[in-house]
Amino acid sequence: MKINHIKKMTKAIAALALFASTSVVQAQDDMLAALAIEKTAGYEQETVSSQIQQTHGEPISILTSIRPIALLVDAVIPQEYKSAWNVQVLVPPQSSVHDYQLKPSDVVKMKSAQKMFWLGKGAEPSFAKSVERFSINDAPFTSAHLHWLLVQGDEMELDHHGHNHEPGSLDPHIWLSLPDAPKMLTYVANQLEQTLADTSLLKQKGWSDAQIKAQKAGIKKGLKLALAEQQRLMKSIESLKKSSWSYTKYISFHNAFAYLDDAFQVESLGSFVQNPEDGIAPRQLQKLQQVVEDEEVGCLFVEPSADGRRITSFLPDHFKVVDLDILATSLPQGVDWSGYWEYVTEQLQICFSSPAIDETMLLDGDSTAVEEEARPQEREERILDKLKFFK
């Protein structure tokens, strides 16, 4: 009797053990299955999000008057969202923005753009009539509450209400005001978001609500990154200025650098011409020659438009001449807004640092190369070589 009871108890315990073991295995299988489902769902969600970023309807057409503004627009659009935007520049490279005459094809571009960014009536008066006449959906920088300067001959006056002044009185080179870049970037981002708010137009172009929402989030992300980059660039220039700048004064071929003066406490002692298209007046030439003899001048800034004018023949031997392509017309297409400012930073460094700094930091002590590098650039490859110092 006791033996039978023991056998029954043994079978019962074995059955319970088998059940328990099966339950544990089943529980483990259930847990693994749940994790697999969760991981798959996360992957699918990430894939859907990525697809929303990458896919869209017809790209949004954005037109800018000059390339520096296009670089600002591009700066607030993250890389993974750029295919949704078609950003074009109105004024072709090597054309003079000061007296550019619009062609019929330019007007077609202006009318077909969802948004046109330009400096505004006071800074680019040659575009003002067409913008008004054809009711262009524009975004003038004169509406961005920026810290504008006024041109007064060789002198610059501060203007807090630049958009109220007559056409031609503003210094149009506002993109050179790096301290004001946060306002410019924010203005651009707000204008792009307004474009995305026109959902009826975008849906005609084949956009979905999810794609529009993703692009709005992308612009916010891009603005945040661009603002952080502006802070880094400011700190970089201030650091170079404190550590290695021996000069604070310069002369220039073209009166265009007042915003750099205002931002980095450097001083222009004069320019050869007010506009690149102007001829050099003998009286102004004599004045600048005297300035070079009497003052400690870091360099002469020239632009691509100055090539062939033989300015250096009017200056002392070995006087430092530094190219500064502020319109980015000769910079490679792959250069972005950050790369543009890295290029500008290096040119400032060449001008204001001592010769020893130029040789050791930039060209490994080859003084002949320093003198050659100071001359205006003629080939894109030389600019690419310069940008390698910042990568």
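Only a predicted model underlies this, so the values are computations on that prediction, with no experimental measurement involved.

Re the sheet that holds strand E7 (residues 249-254)
Okay, step 1: Read from one edge to the other, the open sheet built from four strands follows the order E8-E7-E9-E10, with strand pairing classed as parallel. Each edge of the sheet is formed by a strand with only one pairing partner; in this case those strands are strand E8 (267-273) and strand E10 (321-323). The sheet shows a mean angle of 30° between the axes of neighbouring strands, taken without regard to direction.
Okay, step 2: Relative to strand E9 (residues 300-302), E7 runs parallel, the two sharing two bridges. The partner of Ser-252 across the bridge, within E9, is Phe-301.
Okay, step 3: The sheet strands contacting helix H9 (residues 282-294) are E7 and E8, and the helix crosses E8 at an angle near 150°.

A few points about the side chain of Ser-252
Okay, step 1: Tracing the sequence through the fold places Ser-252 in strand E7.
Okay, step 2: The residues contacting Ser-252, other than those within four sequence positions of it, are Phe-257, Gly-270, Ser-271, Phe-272, Leu-300 and Phe-301.

Some words on the layout of surface pockets
Gaps left between atoms show up when a probe the size of a water molecule is rolled over them.
Okay, step 1: Size it by volume and the second largest pocket reaches roughly 440 Å³.
Okay, step 2: In terms of lining residues, the second largest pocket is bounded by 23 residues, among which Arg-67, Ala-70, Leu-71, Val-89 and Gln-333 are the most central.
Okay, step 3: Of all the elements in the fold, those that place two or more residues in the lining of the second largest pocket are helix H2 (67-75) and strand E2 (85-89).
Okay, step 4: Sort the elements by how many residues they give to the lining of the second largest pocket and H2 lands first, with four residues.
Okay, step 5: Grouping the constituent residues of the lining of the second largest pocket by class yields 13 nonpolar, six polar and four charged.

Section: the pairing of E2
Okay, step 1: One ladder, built from five bridges, connects strand E1 (residues 60-64) with E2; its direction is parallel. What sits directly across from Thr-64, in E2, is Val-89.
Okay, step 2: Between the parallel elements E1 and E2, the chain passes through H2 in a crossover that is right-handed.

A word on the environment of Asp-171
Okay, step 1: On the secondary structure map, Asp-171 appears in the loop between strand E6 (155-159) and helix H5 (181-196).
Okay, step 2: Side-chain polar atoms of Asp-171 contact the side chain of His-173, separated by 2.6 Å.

Here's the deal with the packing of aromatic side chains
Okay, step 1: What the rule picks out here adds up to nine aromatic pairs.
Okay, step 2: A ring pair is formed by Tyr-250 and Phe-352, whose centres lie 6.2 Å apart and whose planes are at 70°; its orientation type is edge-to-face. Linking Tyr-250 in strand E7 with Phe-352 in helix H10 (residues 337-352), this pair joins segments that are 102 residues apart in sequence. There is no split in this pair, since Tyr-250 and Phe-352 are both buried.

What to know about the state of the cysteines
Okay, step 1: Evaluation of the coordinates by the stated rule reveals one disulfide.
Okay, step 2: One disulfide in the model links Cys-299 with Cys-351; its S-S distance is 2.1 Å. Looking along the S-S bond of the Cys-299-Cys-351 disulfide, the torsion reads about -95°, which is the left-handed sense. Residue Cys-299 is found in the loop between H9 and E9, and its partner Cys-351 is found in helix H10; the two are separated by 52 residues along the sequence.
Okay, step 3: Its relative accessible area of 0% is what places Cys-351 among the buried residues.

Description of the confidence of the model for the chain
Okay, step 1: Looking at the chain as a whole, its pLDDT mean stands at 79, while 70% of the residues score no less than 70.
Okay, step 2: Here residues 15-25 scores under 50 on pLDDT; set against residues more than four positions off or in separate chains, the count is zero contacts.
Okay, step 3: Across residues 31-53 the pLDDT falls below 50, and counting only partners more than four positions away or on other chains, this stretch makes six contacts in the model.

Remarks on the nonpolar core
Okay, step 1: One finds Phe-141, Leu-192, Phe-301, Tyr-340 and Trp-341 to be the most contacted residues of the largest nonpolar core, which totals 86 residues.
Okay, step 2: Broken down by element, this core gets its largest block of residues, nine residues, from H10.
Okay, step 3: The next biggest cluster of nonpolar side chains, apart from the first, holds 16 residues, and it includes Ile-251, Leu-288, Val-291 and Leu-315.

Let's talk about the packing of H5 against helix H7 (residues 209-244)
Okay, step 1: Interhelical geometry of H5 versus H7 gives an angle of 175° and a closest axis separation of 10 Å. In terms of orientation, H5 and H7 fall into the roughly antiparallel class. From H5, Ala-181, Pro-182, Leu-185, Thr-186, Ala-189, Leu-192, Glu-193 and Leu-196 reach across to H7, where they touch Ile-212, Gln-215, Lys-216, Ile-219, Lys-220, Leu-223, Ala-226, Leu-227 and Gln-230.
Okay, step 2: Of the residues in the contact of H5 with H7, the class split is 11 nonpolar, three polar and three charged.

What counts and how
Residues numbered from 1 in each chain as written. Predicted model: local features only at pLDDT ≥ 70, side-chain atom pairs only at ≥ 80, totals over all residues. Heavy atoms only, no water. Pairing = 2+ DSSP bridges. Helix = DSSP H or I, 4+ residues; strand = E, 2+ residues; numbered from the N terminus. Axes fitted to C-alpha atoms, helices over the stretch in contact; angles between N-to-C directions. Contact = heavy atoms within 4.5 Å. 1 Å grid on protein atoms, 1.4 Å probe; cavity = no way out; pocket = protein on both sides within 12 Å on 5 of 7 lines; lining within 4 Å. Points joined across faces, edges and corners; volume = space filled by probe spheres on them. Nonpolar A, V, L, I, M, F, W, Y, C, P; charged D, E, K, R; others polar. Right-handed = clockwise from strand over helix to strand, strands pointing away. Polar contact = N/O pair within 3.5 Å; in protein donor to acceptor, adjacent residues only side chain to side chain. Phe/Tyr/Trp six-rings, centres within 6.5 Å; stacked < 30°, edge-to-face > 60°. Buried < 20%, exposed > 50% of the residue type's maximum accessible area, 1.4 Å probe, protein only. Disulfide = S-S within 2.5 Å. pLDDT = per-residue confidence, 0-100. Core = buried A, V, L, I, M, F, W, Y, C linked by side-chain atoms within 4.5 Å. Parallel < 35°, antiparallel > 145°, perpendicular 65-115°, else oblique.

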